[in-house]
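# Breakdown of the fold
For reference, the chains in residue letters:
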Amino acid sequence: MISTRAAQINAELISNKRVGSYHHMVFSVGDIASQAKPGNFVAISVGGESSSMVLRRAFAIYRSTERGVNGGLVELVVAPQGQGSRWLTSLEAHDVVDMVLPLGTHFGIPTEPVRALLVGGGYGSAPLFGLAELLKSRGCRVDMVLGASTAAKIYAPLEGKRSVSSLTLTTDDGTAGIAGQITDVLPKLIEENEIEIVYSCGPMGMLQAITAVTDRYQIMHQCAVEEAMACGIGVCMTCVLPVTGDDGVTRMLRSCIDGPVMDGSRVVWDSKRKIPEGTFGA
Amino acid sequence: MTFSFAADLAGAKLPNPILTASGCAGSGKELSQFFKLSEIGAVVTKSIMIKPRSGRATPRMAETPSGMLNSIGLQGPGVDYFLENDIPWLAANGARTIVSIAGETVEDYAVLARRMRNLPGVVGLEVNISCPNVENRGMVFSCHPETARAAIEAVRRNIGGELPIIAKLSPDVTDILGIAREVSNAGADGVALINTLLGMVIDTNLMLPKLAQKTGGLSGPAIRPVAVRAVYQVRAALPQLPILGMGGITNGRDAFEFILAGASAVSIGTATFGNPTAVIKVRDELSAILQERGFDSLSDAIGFAHREVQA
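How each quantity is defined
Residues numbered from 1 in each chain as written. Chains lettered and ligands numbered in written order. Predicted model: local features only at pLDDT ≥ 70, side-chain atom pairs only at ≥ 80, totals over all residues. Heavy atoms only, no water. Helix = DSSP H or I, 4+ residues; strand = E, 2+ residues; numbered from the N terminus. Rg over C-alpha atoms; globule rule 2.2 N^0.38 Å. Buried < 20%, exposed > 50% of the residue type's maximum accessible area, 1.4 Å probe, protein only. Contact = heavy atoms within 4.5 Å. Areas by Shrake-Rupley, 256 points an atom, 1.4 Å probe, with all protein chains shown as cover. Lys, Arg positive; Asp, Glu negative; His and termini not counted. Charge placed at Lys NZ, Arg CZ, Asp CG, Glu CD. Axes fitted to C-alpha atoms, helices over the stretch in contact; angles between N-to-C directions. Left-handed = near helix turned anticlockwise from the far one by under 90°. Nonpolar A, V, L, I, M, F, W, Y, C, P; charged D, E, K, R; others polar. Salt bridge = Lys/Arg side-chain N within 4 Å of Asp/Glu carboxyl O. Pairing = 2+ DSSP bridges. Buried area = accessible area lost by both parts, 1.4 Å probe. Polar contact = N/O pair within 3.5 Å; in protein donor to acceptor, adjacent residues only side chain to side chain. Parallel < 35°, antiparallel > 145°, perpendicular 65-115°, else oblique. Core = buried A, V, L, I, M, F, W, Y, C linked by side-chain atoms within 4.5 Å. Domains from an automatic or database assignment. Phe/Tyr/Trp six-rings, centres within 6.5 Å; stacked < 30°, edge-to-face > 60°. Lys NZ or Arg CZ within 6 Å of the ring centre and 35° of its normal.

## With respect to the overall build of chain B
Along the backbone of chain B there are 10 helices and 16 strands. Whereas a compact globule of 311 residues would reach a radius of gyration of roughly 19 Å, chain B reaches 18 Å, a difference of no more than 12%. Summarising its shape, the C-alpha atoms of chain B cover approximately 55 × 50 × 40 Å along the three principal directions. Across the 311 residues in chain B, those meeting the buried criterion constitute 60%. Here the analysis covers contacts within chain B between residues at least 6 apart in sequence; of these, 72% occur between residues at least 24 apart. Total accessible area computed for chain B in this model is approximately 11,900 Å², and 51% of it derives from carbon and sulfur atoms. Side-chain charges of chain B comprise 28 positive and 28 negative groups, with the mean position of each set lying 2 Å from the other.

Set out below in structure tokens:
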């Protein structure tokens, strides 16, 4: 599905704060902020005018605010991992970036109040806080579990926790919360809180592991996938992954247009470096 | 005197010389949310094949200095879907369309050419005989004079009517001029220069080729000098053969370089990935540059870098 809401704008950086291993960045984007929904992402060109980096960088929207002192805002959580994100996190207030937003599918919100579990890996927690607020405003109970390799890589700001009934942390090295992985605690959380739907965002391996659990409990799993993108707008065909449709046919879908939010049970996981047998056109 | 930005690409009459590059504009719909497709010279479609194709496994992409590698592998829905869905939509939205076709055999090119007759809004055919992401590198048609000729002859015999045929060539050859001569003799009305160059990136963490397919096509500003050289060479030797130039164009200055080298029109590919409105930017900047430099028309500037200069 192609977004008809996206626009290319010059976005002014309002603030850039280091939080643990990440940067919390706030951009002034004007009225288009009102179009952003939890799960949507932005695509930013990096490196400035004479940049040797030709591709946009995609970031999940952490939060959007329709009206502030500076007009509409979007907030991002950026991990300075590569050359492009390091350039972005080195910017200062009043610097301007070329941003396309909002892009991609958003998390589906149930029409009836449900019991939801939100699962985030690393800075994949970013889009979940806005989602938590929205779910709570619709009368849902929201529990959250966040995991990372170590404490500094868990993104859980105080204001983000307000909408959550319970927050469980896991770290591989035991520096925060329970020592272990998210999937170690999932069955218990699903059973104790009688979870009806799981929303998740994080590395592909984690999303695959969550799907195995949600399939076992036969509950919905909406996940925001992380595939490398070149354009973010559906023209480059690089961010594809195999997804099985209602008709039972598996197709290579673009995670920027048909995602990033997808039904976890429909994704054919573990398909890196190969096209699953029987895929349409294989 | 009013400035004329109109382009004539091997008989295709276009309001301006700025086109998308094949495989870089989706179905057209994706870009139409950012600008009206009728505002550019033409939309060049992704390469259409007879059957649906899943394309290659991921990872399919690696960013490189001033460029990128891709190994999409011609993912697409096949010609039936394309004719039923994409062509009517492009026509209804006022786009002038140049259909890119790609085959695995000479017969495929013949079949596809027959299917391209009398389509609404279609102003030309780009024959992709140079995709680097195919199973058998030996079957890159444009890498050999005989296969290049056979594919273009198949299209020429089957297209009928007046639709211009533009053969898209690979730079991965010793003598691109020889291939250009061959396809011209075989009935091509013009050539598109250049397709991507075959390349590889090795992921030094995994210590494996980054792309699942190992190799991919290099595009972006990194290849621009190679493309400009190819355009200049072909123009110098075959001045009557119209050229659609492409390779790393990101702004009006870059496009001007291709026009000076001898291109009648240009395609914008990788730049669109970084900037959805790159084609509009290039169009406006090129128009301004041509007028600033005193040209009355686009056609006066084509091949201008070939003029004799007094020492």
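Resuming the write-up.
## Looking at the overall build of chain A
When helices and strands are counted, chain A shows four helices and 15 strands. A compact globule built from 282 residues should have a C-alpha radius of gyration of about 19 Å, and chain A, at 18 Å, falls within 12% of that. Expressed as lengths along the three principal axes of its C-alpha atoms, the size of chain A is roughly 50 × 45 × 40 Å. Looking at chain A as a whole, 54% of its 282 residues qualify as buried. If you take every contact in chain A between residues at least 6 apart in sequence, the share linking residues at least 24 apart comes to 63%. As presented, chain A carries roughly 11,800 Å² of accessible surface, and 49% of it is formed by carbon and sulfur atoms. Across chain A, the centroid of the 24 positively charged side chains sits 2 Å from that of the 28 negatively charged ones.

## A short note on the packing of helix 7 (residues 252-261) of chain B against helix 9 (residues 278-292) of chain B
Residues and elements named next belong to chain B. Remark: helix 7 packs on helix 9, axes separated minimally by 8 Å, with the N-to-C direction vectors making an angle of 60°. Both helix 7 and helix 9 take part in a crossing whose hand is right-handed. Taken together, the residues of helix 9 that come into contact with helix 7 (itself represented by Gly 252, Arg 253, Ala 255, Phe 256 and Ile 259) are Val 282, Glu 285, Leu 286, Ile 289 and Leu 290. Taken together, the residues of the contact of helix 7 with helix 9 break down into seven nonpolar, one polar and two charged.

## A few points about the pattern of salt bridges
Under the criterion given, the structure shown has 23 salt bridges over all chains. When the shortest N-O distance is used, the salt bridge between Lys 188 of chain A and Glu 192 of chain A registers 3.6 Å. Note that Lys 188 of chain A and Glu 192 of chain A are positioned in helix 3 (residues 182-192) at a spacing of four residues, about one turn of the helix. Between Glu 257 of chain B and Arg 224 of chain B there is a salt bridge, with its nearest N and O atoms 3.7 Å apart. Linking Glu 257 of chain B in helix 7 with Arg 224 of chain B in helix 6 (residues 224-237), this pair joins segments that are 33 residues apart in sequence. Classification of Glu 257 of chain B as partly exposed rests on a relative accessible area of 26%. For Arg 224 of chain B, a relative accessible area of 17% gives the class buried. Beyond isolated ion pairs, a larger network of salt bridges with shared partners links Arg 224, Arg 253, Asp 254 and Glu 257 of chain B.

## As for the sheet that holds strand 14 (residues 216-219) of chain B
Sheet strands line up and pair through hydrogen bonds in the backbone, either parallel or antiparallel. Residue and element names in this part refer to chain B. Pairing is antiparallel in the open sheet, where four strands are placed in the order 5-6-14-11. For this open sheet the edge positions go to strand 5 (61-64) and strand 11 (197-199), each flanked by a neighbour on one side alone. Strand-to-strand twist in this sheet, taken as the mean axis angle between neighbours without regard to direction, amounts to 35°. Direction of pairing for strand 6 (residues 67-70) relative to strand 14: antiparallel, over a ladder of three bridges. Looking at the pairing, Met 68 lines up with Ser 219 of strand 14.

## Description of the sheet that holds strand 8 (residues 122-128) of chain B
Residue and element names in this part refer to chain B. The sheet built from eight strands is open, its strands ordered 3-16-15-10-9-8-7-4 with parallel pairing. Because the sheet does not close on itself, it has two edges, and the strands there are strand 3 (18-20) and strand 4 (43-44). Each of strand 3 and strand 16 (265-268) is contacted by helix 9, which is oriented at about 165° to strand 3, the strand it contacts most.

## Here's the deal with the interface of chain B and chain A
Contact with chain B, which involves 40 residues of that partner, is made by 36 residues of chain A. Summing both partners gives a buried area of about 3,000 Å² for chain B against chain A, and 59% of it is carried by carbon and sulfur. Inspection of the region where chain B meets chain A yields two salt bridges. Between Arg 57 of chain A and Glu 63 of chain B there is a salt bridge; the shortest N-O distance is 2.6 Å. Summed over the shared surface of chain B and chain A, the number is 14 residue pairs in polar contact (both at pLDDT 80 or more). Among the elements that take part in the side of chain B that touches chain A, helix 8 (residues 270-274) of chain B stands out by supplying four residues, more than any other. Residue classes in the side of chain B that touches chain A are distributed as 18 nonpolar, 15 polar and seven charged.

## As for the packing of helix 6 of chain B against helix 7 of chain B
All names here are of chain B. Packing of helix 6 against helix 7 leaves a shortest axis separation of 8 Å and a crossing angle of 25°. If you check the angle between helix 6 and helix 7, you find them roughly parallel. Where helix 6 approaches helix 7, its residues Arg 224, Ala 227, Val 228, Val 231, Tyr 232 and Arg 235 are matched on the opposing element by Arg 253, Asp 254, Glu 257, Phe 258 and Ala 261. Tallied by class, the residues present in the contact of helix 6 with helix 7 amount to six nonpolar, no polar and five charged.

## Structural notes on the nonpolar core
A general tendency of soluble globular proteins is for nonpolar side chains to be buried together. One finds Ile 129, Leu 169 and Val 234 of chain B to be the most contacted residues of the largest nonpolar core, which totals 115 residues. Here this core takes seven residues from helix 9 of chain B, the largest share from any one element. Shared between two domains, this core holds at least three residues of each, these being domain 1 (7-103) and domain 2 (115-271) of chain A. Excluding its chain neighbours within four sequence positions, the residues that come into contact with Leu 169 of chain B are Ile 129, Ser 130, Ser 142, Ile 176, Ile 179, Ala 180, Val 183, Val 191, Ala 192, Leu 193, Ile 194 and Asn 195 of chain B. Within the second largest apolar cluster, 27 residues are counted, among which are Ala 79, Leu 135, Cys 140 and Ile 154 of chain A.

## Examining unusual backbone geometry
Of note, the amide linkage connecting Leu 101 of chain A to Pro 102 of chain A takes the cis form, showing an omega dihedral of -20°. In this model, Thr 58 of chain B is joined to Pro 59 of chain B through a cis peptide bond whose omega is 0°. One can find Pro 59 of chain B in the loop between strand 4 and strand 5. Even without a glycine there, the phi angle at Glu 194 of chain A is positive, about 45°. Mapped onto the elements of the fold, Glu 194 of chain A is located in the loop between helix 3 and strand 11 (197-201).

## Here we look at the packing of aromatic side chains
By the definition in use, this model includes nine aromatic pairs over all chains. When the centroid spacing of 5.6 Å and the interplanar angle of 85° are considered together, the rings of Phe 107 of chain A and Tyr 199 of chain A count as edge-to-face. Here the residue Phe 107 of chain A occupies a position in the loop between strand 6 (96-103) and strand 7 (115-121), and Tyr 199 of chain A occupies one in strand 11, the gap between them amounting to 92 residues. For Phe 107 of chain A, a relative accessible area of 2% corresponds to the buried category. Between Phe 256 of chain B and Phe 295 of chain B the ring centres are 6.3 Å apart and the planes differ by 70°, which places this aromatic pair in the edge-to-face class. On the criterion of sequence distance, the pair formed by Phe 256 of chain B in helix 7 and Phe 295 of chain B in the loop between helix 9 and helix 10 (298-301) is long-range, its members being 39 residues apart. With relative accessibility at 9%, the residue Phe 256 of chain B sits in the buried group. When the ring centre of Phe 280 of chain A is taken as reference, the NZ or CZ atom of Arg 251 of chain A above it lies at 5.4 Å.

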